[in-house]
Amino acid sequence: MPLDIVTVPCLADNYAFLVHSAGTGATALVDAPEAGPVRRALADRGWSLTHILITHHHSDHIDAVAPLREEFDVRVVGAAADAERLPRLDLAVAEGDVFEFSGYEVRVLDVSGHTVGHIAFHVPERGVVFTADSLMALGCGRLFEGSADQMWASLSKLAALPPETLVCSGHEYTAANAGFALTVEPDNPDLRRRVAAIEDARKRGEPTVPSTLAEEMATNPFLRAGLPEVKALMGMPEMSDAAVFAEIRRRKDRF
Ligand code: ZN
Ligand code: FE
């Protein structure tokens, strides 16, 4: 039985995701920014929540765990390394762990950088990865806790997944990210096409998330920091991939 994935807009610009198996009736929520929209998305479909998967400790990703736990008999999964900053976990996981959701393997990747203890959930058979504030559409999360080296290692891990993988990230920041990406690679034809498509989608009020990893590899300046053409454009032809990534991240912080 395939897994359905539903994008749930929450708060001003967050995305949560519902992952549902019609076969077993199991439904997982990835991140819990706000209970109301999640409740409505479940009720509209007649689904009941069975799991909550948490990516990292920021309040815009965990605030609705407690109210949803009161309403539903849920199993909450999150990073063992960050357990003291997360709501109570029923399953504490770490890099390389694999757990089962409704007959599907869910693989845990440590993608620290935005926070230390940020994890991503990869479901290989469904071809989807939930990245929240690590790899984002045309962007990556700000380095609040981790180092640029850590984030570069995290992005490199995600970049090694199959190119057709769907990237479900945590915010609608894509239009602002697009403006910055064009300052790094103004003549990248894939980027220019994607930016036009993003502008159209936003005019129609449609989300720009999820994207595919292939799209991100072709257009996301943070993932492209190791390419000779990007190093040249940055004026850093001899520098390491991580150093170029760090400089792109610094420029974005000031953008
Ligand atoms: Zn965050
Ligand atoms: Fe966030």
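Preceding this paragraph is the structure being described.
Calculation rules
Residues numbered from 1 in each chain as written. Chains lettered and ligands numbered in written order. Predicted model: local features only at pLDDT ≥ 70, side-chain atom pairs only at ≥ 80, totals over all residues. Heavy atoms only, no water. 1 Å grid on protein atoms, 1.4 Å probe; cavity = no way out; pocket = protein on both sides within 12 Å on 5 of 7 lines; lining within 4 Å. Points joined across faces, edges and corners; volume = space filled by probe spheres on them. Helix = DSSP H or I, 4+ residues; strand = E, 2+ residues; numbered from the N terminus. Nonpolar A, V, L, I, M, F, W, Y, C, P; charged D, E, K, R; others polar. Donors = N, O, S within 2.8 Å, 3.2 Å for Na, K, Ca; no water. Tetrahedral: all angles 85-135°; square planar, octahedral: opposite > 155°, others 65-115°. Buried < 20%, exposed > 50% of the residue type's maximum accessible area, 1.4 Å probe, protein only. Pairing = 2+ DSSP bridges.

S.K.: I would appreciate a short explanation of the layout of surface pockets in the present structure.
M.R.: Gaps left between atoms are located by rolling a probe of water-molecule size over the structure's atoms. Volume-wise, the largest pocket comes out at about 250 Å³. Those elements giving two or more residues to the lining of the largest pocket turn out to be helix H5 (174-184) and helix H9 (241-254). Grouping the amino acids of the lining of the largest pocket by side-chain chemistry returns five nonpolar, five polar and five charged.

S.K.: Quick question: what am I supposed to make of the coordination of the zinc ion (ligand 1) here?
M.R.: The textbook angles at a metal center are 109.5 degrees for a tetrahedron of four donors and 90 or 180 degrees for an octahedron of six. Ligation of the zinc ion (ligand 1) by protein atoms is provided by His56 (NE2), His58 (ND1), His114 (NE2) and Asp133 (OD), these donors lying 2.2 to 2.3 Å from the ion. One way to put it: the four donor atoms around the zinc ion (ligand 1) meet at angles of 84 to 174°, and that makes the site irregular. The distance between the zinc ion (ligand 1) and the iron ion (ligand 2) is 3.0 Å, with Asp133 acting as a donor to both metals. Taken together, the residues span a long stretch of sequence, with His58 in the loop between strand E4 (51-53) and helix H2 (59-62) and Asp133 in the loop between strand E10 (128-132) and strand E11 (135-136) at a distance of 75 residues.

S.K.: When you look at the pairing of strand E7 (residues 98-101) in this model, what are you seeing that I'm missing?
M.R.: For a regular strand, side-chain orientation follows a simple rule: the groups alternate between the two sheet faces. Side chains Phe99 and Phe101 project from E7 onto a buried face, and the interleaved Val98 and Glu100 project onto a face without burial. Judged from the four bridges that link them, E7 and strand E8 (residues 104-110) form a sheet pairing that is antiparallel. Directly across from Phe101, in E8, lies its bridge partner Tyr104. Hairpin geometry of E7 and E8 is characterised by an intervening segment of two residues between the two adjacent antiparallel strands and by a positive phi of about 55° at Ser102.

S.K.: Teacher, can you tell me more about empty space enclosed by the protein here?
M.R.: Taken as a whole and judged by the stated rule, the model has two cavities of 30 Å³ or more. In terms of lining, the largest cavity is formed by Leu3, Val19, Ala28, Val30, Leu53, Phe101, Val106, Phe121, Val123 and Phe130. Of all the elements in the fold, those that place two or more residues in the lining of the largest cavity are strand E3 (27-30) and strand E9 (119-123). Taken together, the residues of the lining of the largest cavity break down into ten nonpolar, no polar and no charged. Lining the second largest cavity, in full, are Tyr15, Phe17, Val30, Asp31, Thr55, Phe130, Thr131, Ala132, Cys168, Ser169 and Gly170. Of all elements in the fold, only strand E2 (14-21), E10 and strand E13 (166-169) reach the threshold of two or more residues within the lining of the second largest cavity. Top contributing element to the lining of the second largest cavity by residue count: E10, with three residues. When grouped by side-chain class, the residues that make up the lining of the second largest cavity number six nonpolar, four polar and one charged.

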